[in-house]
Amino acid sequence: MPVTHAGMSEIAEVVAERAAVAVRRGFYYGWYIVAAGAGTNFLVIGLVTFSFGVFIGPMRDELGWSVAAIAAGQSLRSFEQGLLAPVTGVMIDRLGPRRMAITGIIFTTIGLVVFSQARTLEIYYLSSLILAFGQSLGSLQPFSAALMFWFQRKRGRAMGLLNTGNGAGHLMAPVVAIIVTLIGWRETLLVAAVVVLVAGIPLAMVLRDRPEPYGYNIDGDEPQPGAAEASLAPDATGMSVGEGLRTPTFYLLSVSTALAGGVIISWIVHQIPHMQSVGFSLAGAATIAGIYGACQLALRPIVGWLGDRFGRVRLYASAFICQGLGMIIFAQLTADRLWLLPFYFALFAFGSSAWIVLQMTLVADYFGPRRFATLRGFASTLNMPVGIISPFLAGYIFDRTGSYVEIFTVYAVLAMTGSVMILMIRRPFWADVIRQREEAAAAAQAAQRAGAYPAPVQSPPR
């Protein structure tokens, strides 16, 4: 049903009144969403993803499965997340991030319980599918989708702080390793399920979809005359899915993300097995993983601020180079080459931080937040083949050769090519497109008032 001018005026008055209240409150509610999202990411991603490598050794010892067969569970997660990503994206955009986050927490809990009871590959793979669906809805995606509406100028900083939860999730690995040693891997998964359910639901309840209905302006700005009405205009918040999919920018972002994502997924699954294979104990490997997590915790807010301050595109392009070089160093790391650790932390931690923080931010930057989750879903589908193949192939190569060095080096080189794709993008940010349209409209009105015909306006590059 179309909104009349009178109706829009009434809505604008209500929003303006609430915005005045919000200004008096002092603290912008968007930062509460950031904090809740960081906590949720810490729990869900830390337990489900970053601690996964801890379980490979105990599962292989008890069940006799190969590393490739166990890593195939991660490949299945990538397959399902890629296959269903457009669906989960539409669910988040249409039904709201809050409902979907709560649903995701429940499915993640169920998946952990099923994982704890796995004694056959079929049950193990079933648990992987449940966990993939739960993680897609219950952690980074819904909170990121909401923040794209709550922040624009400060989007990098917000995403950097949100992703500190992911970074802190790396610290889960040494904790989980200790618990596995004390009570066993199955019991550890049951404990994890209880923790996710009890802590995750209250955190998800903090989510709010958009700032305007709650009396806030984007970025926490004070209300300006006409800003409330403009914020409610149907087409003012971004491109449609069809428009986004017709731009080369979407595919350059997606393919570059897939190349770097393949490195990250393989590294997540195999970092601890790799370190164990080159002379580290499980406790030592988990400790290095924890130190890496501490680096991530410090770096992610920093790279978010740097992106906002000096340009998110340039920083994102450099992330691929740093990530690839860091991965090459990690491939050469052994218990006798501890001097490589500072270089590994400096390059790989920085590159991964910038990649993780900015990849989602740039989707909203280029296309607007209107259909952010759906476009991210389609991008994940394009990333799916790499996410499936990379961890399984690394496990297969290790089973055959007993080493990860060659395959990690190949992955590193592929990741670095992503920087070239980012530098090929010529499309302006969505905010700049809107600004160009407003300036063109203002110029046209001025020319009309002056009795002249305005010059043709060029469309922004696609």
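Attention in this report is confined to the structure presented alongside it.

Conventions we followed
- By convention here, each chain's residues receive numbers from 1 onward along its written sequence.
- Two thresholds apply to this predicted model, a pLDDT of at least 70 for residue-level local features and 80 or more for giving and counting side-chain atom pairs, whereas whole-chain, interface and lining totals are computed over all residues.
- Each side-chain value is worked out from all heavy atoms of the structure, with water and hydrogens disregarded.
- Excluding any residue in a salt bridge, patches collect residues exceeding 30% relative accessible area, merging like charges within 9 Å and nonpolar Val, Leu, Ile, Met, Phe, Trp and Tyr side chains within 5 Å.
- Methods summary: accessible areas were calculated by the Shrake-Rupley approach with a probe of 1.4 Å, and residue burial reflects only the protein chains presented.
- Salt bridges are counted wherever a side-chain nitrogen of Lys or Arg sits within 4 Å of a carboxyl oxygen of Asp or Glu.
- To qualify as a helix, a DSSP run of H or I must reach at least 4 residues; to qualify as a strand, a run of E must reach at least 2; elements of each kind are numbered from the N terminus.
- Pairing of aromatic side chains here covers Phe, Tyr and the six-membered ring of Trp, requires ring centres within 6.5 Å, and sorts the geometry by plane angle: under 30 degrees stacked, over 60 edge-to-face, intermediate tilted.
- Working rule for contacts: check all heavy atoms of both residues, and any pair within 4.5 Å makes them a contact.
- Axis lines are fitted through C-alpha atoms, for helices just across the contact stretch, and the angle between N-to-C directions can take any value from 0 to 180 degrees.
- In these notes the angle categories are as follows: under 35 degrees is roughly parallel, over 145 is roughly antiparallel, 65 to 115 is roughly perpendicular, and the rest is oblique.
- Throughout, the ten residues Ala, Val, Leu, Ile, Met, Phe, Trp, Tyr, Cys and Pro are labelled nonpolar, Asp, Glu, Lys and Arg are labelled charged, and all others, Gly among them, are labelled polar.
- In this analysis, the protein atoms alone were mapped onto a 1 Å grid. Cavities are point sets where a 1.4 Å probe fits without being able to get out; pockets are open sets with protein on both sides within 12 Å along at least five of seven lines; lining residues have an atom within 4 Å of a point.
- Grid points are joined across faces, edges and corners, and a volume is the space filled by probe spheres set on the points.
- Partly exposed describes any residue whose relative accessible area lies between the buried limit of under 20% and the exposed limit of over 50%, with all areas from a 1.4 Å probe on protein chains only and scaled to the type maximum.
- N or O atoms within 3.5 Å of each other form a polar contact, as long as, within protein, one can give a hydrogen and the other can take it, and as long as residues adjacent in sequence are counted only when both atoms are side-chain atoms.

This paragraph deals with a nonpolar patch on the surface. A surface patch of nonpolar side chains, about 420 Å² in accessible area, is lined by I106, I110, V194, L197 and V198. Only α5 (97-116) and α11 (185-204) provide two or more residues apiece to the nonpolar patch. Broken down by element, the residue count for the nonpolar patch peaks at three residues, all from α11. As for its position among the elements, L197 is in helix α11.

This part takes up the packing of aromatic side chains. With the rule as written, the count across this model stands at 26 aromatic pairs. Members of the aromatic cluster, joined through ring pairs, are W267, Y292, F330, Y344, F345, F348, F398, Y404 and F408.

A separate point is the environment of G304. Note on placement: G304 falls in helix α15 (residues 282-310). Linking G304 and S353, residues 49 residues apart in sequence, is a C-alpha distance of 8.9 Å. With near-sequence residues (within four places) excluded, G304 lies in contact with G156, R157 and V357.

On to the packing of helix α3 (residues 52-63) against α11. Geometry of a packed helix pair, given as the angle between the helix axes and the separation of the axes. Their axes nearest at 10 Å, the elements α3 and α11 cross at an angle of 135°. Judged by the angle between their axes, α3 and α11 are oblique. When α3 is examined against α11, the residues F55, P58, M59, E62 and L63 are found in contact with a partner set consisting of W185, R186, T188 and L189. Class assignment for the residues of the contact of α3 with α11 results in six nonpolar, one polar and two charged.

Taken as a whole and assessed by the stated rule, the structure comprises four cavities of 30 Å³ or more. The calculated volume of the second largest cavity comes to roughly 60 Å³. Surrounding the second largest cavity, F250, L253, S254, T257, Q359, V363, R376 and A379 form its lining. Elements supplying a minimum of two residues to the lining of the second largest cavity: α14 (248-277), α17 (341-367) and α18 (372-401). In the lining of the second largest cavity, the residues fall into four nonpolar, three polar and one charged.

What the rule picks out here adds up to five salt bridges. A salt bridge links D365 to R155; the nearest nitrogen and oxygen atoms lie 3.0 Å apart. Note that D365 is positioned in helix α17 and R155 in helix α8 (residues 155-162), a separation of 210 residues in sequence. Residue classification places R155 among the buried residues on the basis of a relative accessible area of 4%. Relative accessible area serves as the criterion here: at 4%, D365 is assigned to the buried category. By sharing partners, the salt bridges in this structure join R155, R157, D308, R312 and D365 into a single network.

In this fold, S256 is placed in helix α14. From its side chain, S256 meets the backbone oxygen of L252 in a polar contact 2.9 Å long. Once residues within four sequence positions are removed from consideration, S256 is found in contact with F320, G418, M421 and I422.

Okay, the environment of I56 next. Examined against the element boundaries, I56 turns out to sit in helix α3. The spatial distance from the C-alpha of I56 to the C-alpha of A71 is 8.2 Å, given a sequence separation of 15 residues.

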